[in-house]
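Listed below are the residues making up each chain.
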Amino acid sequence: MAISPEFEISTVNFGGDTTAPQDLVDLFMAGIADAGHVVRFSQNRFYPNRFHLFIDRLQPELLDYLIANGIPYGLVVTEEIADDGAFGWSGFENGGMPYKIGRDYVAQIENASFVWCLLETSIAFCGRHNARTGRVAFGFSERLMPRYPVDWDGRDIPMIATGPLTERRAEILKRIEGRVGVVQHVGHPLAGWCRDNYLSRARLHVAPHRTDAHIRFVNPQRVVQSVLYKVALAIERGEAGSHDLIDYCNAFAPADFVDGVWAMMADPEGLRVQVETNFTRLADERRMAPAFRDLIERTVLC
């Protein structure tokens, strides 16, 4: 009888920043556990009889250590890698050298026991270098439910914004406040308990993208969190691209984003109905257990 694999999610490649990957750690632990596998979390301990799951790029010395000691690992690719190997959201964010970073990343992909991509655009590049590549599908899990939920009528934050306050985001939030009302920006990075507290108290999650280059993407963890916390989500969406979670958002073209937020806030009953409907749909149609069982079977157990 085959032994069920055990997983260990490690954030050692984030250094001392334990808040940045926290949302993804929670989602992966829930999905793997729902699929019936043992999953643990650690910062910097490795074991030869577990699959260690790392999020994005590893330091070269860490990769060398894993290979030298035969430690099996999986790689979670959250960033965009184009078919030709251009890496990341933009040349600016990668020091103007997106192809060099893509080439440097190949060894990490090739030596991984499996690769899980959050974005469809990364599948082709990763699949050429590792046949055990699959797409992650986040969704509903009881493990991700708010620990201290707040009833809709008791929520005291009309609009919330999360993530780093880039110049672009700050300008859009300023326009929303001039047209609609105050947006509570909770800061970044933020401890998990504090993030949970703000989400539980909010009615609308306003999420303009940090740069123009990000507009074609939908952040899957932000969508799932908003649905589970019963917070309506307003995002920007460009003309190109699609996402299987887009129906759980209110997506507006960048030029229409402020007007879209105004329309959502002008219909408070519509917001309440929307969050309840989205929650029920996610629970009924998109549970993580079968999705992660299939992903693990296709990329880890094959």
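Please read these numbers as outputs of a predicted model, since none were measured by experiment. (Residues numbered from 1 in each chain as written. Predicted model: local features only at pLDDT ≥ 70, side-chain atom pairs only at ≥ 80, totals over all residues. Heavy atoms only, no water.)

Trainee: So what exactly am I meant to see when it comes to the overall build of the protein chain here?
Mentor: Each helix and strand counted, the protein chain has 10 helices and 11 strands in total. Here the protein chain has a C-alpha radius of gyration of 20 Å; the compact-globule value for 302 residues is 19 Å, and the two agree. Oriented by its inertia axes, the alpha-carbon framework of the protein chain measures out at about 60 × 45 × 35 Å. In the protein chain, buried positions account for 51% of the 302 residues. Long-range pairs, those at least 24 residues apart, make up 69% of the contacts in the protein chain with a sequence separation of at least 6. Total accessible area on the protein chain stands at roughly 14,200 Å², and carbon and sulfur atoms take up 52% of it. Each charge sign in the protein chain was given a centre, from 31 positive and 39 negative side chains, and these centres are 2 Å apart. (Helix = DSSP H or I, 4+ residues; strand = E, 2+ residues; numbered from the N terminus. Rg over C-alpha atoms; globule rule 2.2 N^0.38 Å. Buried < 20%, exposed > 50% of the residue type's maximum accessible area, 1.4 Å probe, protein only. Contact = heavy atoms within 4.5 Å. Areas by Shrake-Rupley, 256 points an atom, 1.4 Å probe, with all protein chains shown as cover. Lys, Arg positive; Asp, Glu negative; His and termini not counted. Charge placed at Lys NZ, Arg CZ, Asp CG, Glu CD.)

Trainee: Honestly, unusual backbone geometry in this entry has me stumped. Any pointers?
Mentor: Most peptide bonds take the trans form, and the phi angle of most residues other than glycine is negative. Of note, Asp56 is a non-glycine position whose phi angle comes to about 70 degrees, a positive value. By the element assignment, Asp56 lies in the loop between β3 (51-55) and α2 (60-68). Positive phi is not limited to glycine here, since Lys230 has a value of about 55 degrees. Here Lys230 lies in the loop between α7 (220-228) and β10 (232-236). Note on Lys230: relative accessible area 23%, which makes it partly exposed.

Trainee: Explain helix α6 (residues 192-201) here, please?
Mentor: In an α-helix, one turn spans 3.6 residues; hence positions three or four apart end up facing the same way. Extensive coverage of α6 is indicated by the burial of seven of its 10 residues. Turning to α6, its buried residues number three or more, namely Gly192, Cys194, Arg195, Asp196, Tyr198, Leu199 and Ser200. Check the buried side of α6 and you find it contacts α1 (22-34), β7 (157-161), β8 (184-185), β9 (202-207) and α7.

Trainee: Teacher, can you tell me more about the layout of surface pockets here?
Mentor: Here the idea is plain: a probe the size of a water molecule rolls over the atoms and shows the empty space left. Its volume calculated, the largest pocket comes out at about 1,200 Å³. Along the wall of the largest pocket there are 43 residues; nearest its centre are Ala20, His188, Arg210, Asn219 and Gln221. Elements that contribute at least two residues to the lining of the largest pocket include exactly α1, α6 and α7. Counting residues per element, the lining of the largest pocket draws most heavily on α7, which supplies four residues. Each residue belonging to the lining of the largest pocket can be placed in one class, and the counts come to 17 nonpolar, 17 polar and nine charged. (1 Å grid on protein atoms, 1.4 Å probe; cavity = no way out; pocket = protein on both sides within 12 Å on 5 of 7 lines; lining within 4 Å. Points joined across faces, edges and corners; volume = space filled by probe spheres on them. Nonpolar A, V, L, I, M, F, W, Y, C, P; charged D, E, K, R; others polar.)

Trainee: I'm lost on the packing of α1 against helix α10 (residues 288-299) in this one. Help?
Mentor: For any two helices packed against each other, one specifies the inter-axial angle together with the distance between the axes. It is at 7 Å that the axes of α1 and α10 come closest, and there the two elements cross at 80 degrees. By the criterion of interaxial angle, the relationship of α1 to α10 is roughly perpendicular. On the side of α1, the interface is formed by Leu27, Phe28, Ala30, Gly31, Ile32 and Asp34, while α10 contributes Met288, Ala289, Phe292 and Arg293. Residue composition of the contact of α1 with α10, grouped by class: seven nonpolar, one polar and two charged. (Axes fitted to C-alpha atoms, helices over the stretch in contact; angles between N-to-C directions. Parallel < 35°, antiparallel > 145°, perpendicular 65-115°, else oblique.)

Trainee: I would appreciate a short explanation of the nonpolar core in the present structure.
Mentor: In globular proteins that are soluble, nonpolar side chains generally tend to be buried together. Counting 51 residues, the largest nonpolar core has Phe7, Phe28, Trp116, Phe138 and Phe292 as the members making the most contacts within it. The element that contributes the greatest number of residues to this core is α1, accounting for seven residues. Formed by 21 residues, the second largest nonpolar core is a distinct cluster that contains Phe46, Leu62, Leu75 and Ile101. (Core = buried A, V, L, I, M, F, W, Y, C linked by side-chain atoms within 4.5 Å.)

Trainee: Sorry, what's going on with the packing of aromatic side chains here?
Mentor: Evaluated as defined, the whole model comprises 15 aromatic pairs. Where Phe46 meets Tyr65, the ring centres are 6.0 Å apart and the plane angle is 50 degrees; that geometry is what we call tilted. Residue Phe46 is found in the loop between β2 (39-42) and β3, and its partner Tyr65 is found in helix α2; the two are separated by 19 residues along the sequence. When its relative accessible area of 40% is taken as the criterion, Tyr65 is described as partly exposed. Stacked on the ring of Tyr248, the Lys or Arg Arg281 has its end atom at 4.3 Å from the ring centre. (Phe/Tyr/Trp six-rings, centres within 6.5 Å; stacked < 30°, edge-to-face > 60°. Lys NZ or Arg CZ within 6 Å of the ring centre and 35° of its normal.)

Trainee: What should I look at first to understand the pattern of salt bridges in this one?
Mentor: Oppositely charged side chains can form a pair if their charged atoms are brought close together. By the definition in use, this model includes 20 salt bridges. Asp244 is the salt-bridge partner of Arg135, the closest N and O atoms lying 3.8 Å from each other. One end of the pair, Arg135, is in strand β6 (residues 133-135); the other, Asp244, is in the loop between β10 and β11 (250-252), and 109 residues separate them in sequence. On the basis of relative accessible area, Arg135 is assigned to the partly exposed category, the value being 23%. Through salt bridges with shared partners, a single network forms among Glu6, Glu8, Arg40 and Arg50. (Salt bridge = Lys/Arg side-chain N within 4 Å of Asp/Glu carboxyl O.)

Geometric descriptors of this kind do not, in isolation, establish any biological role.
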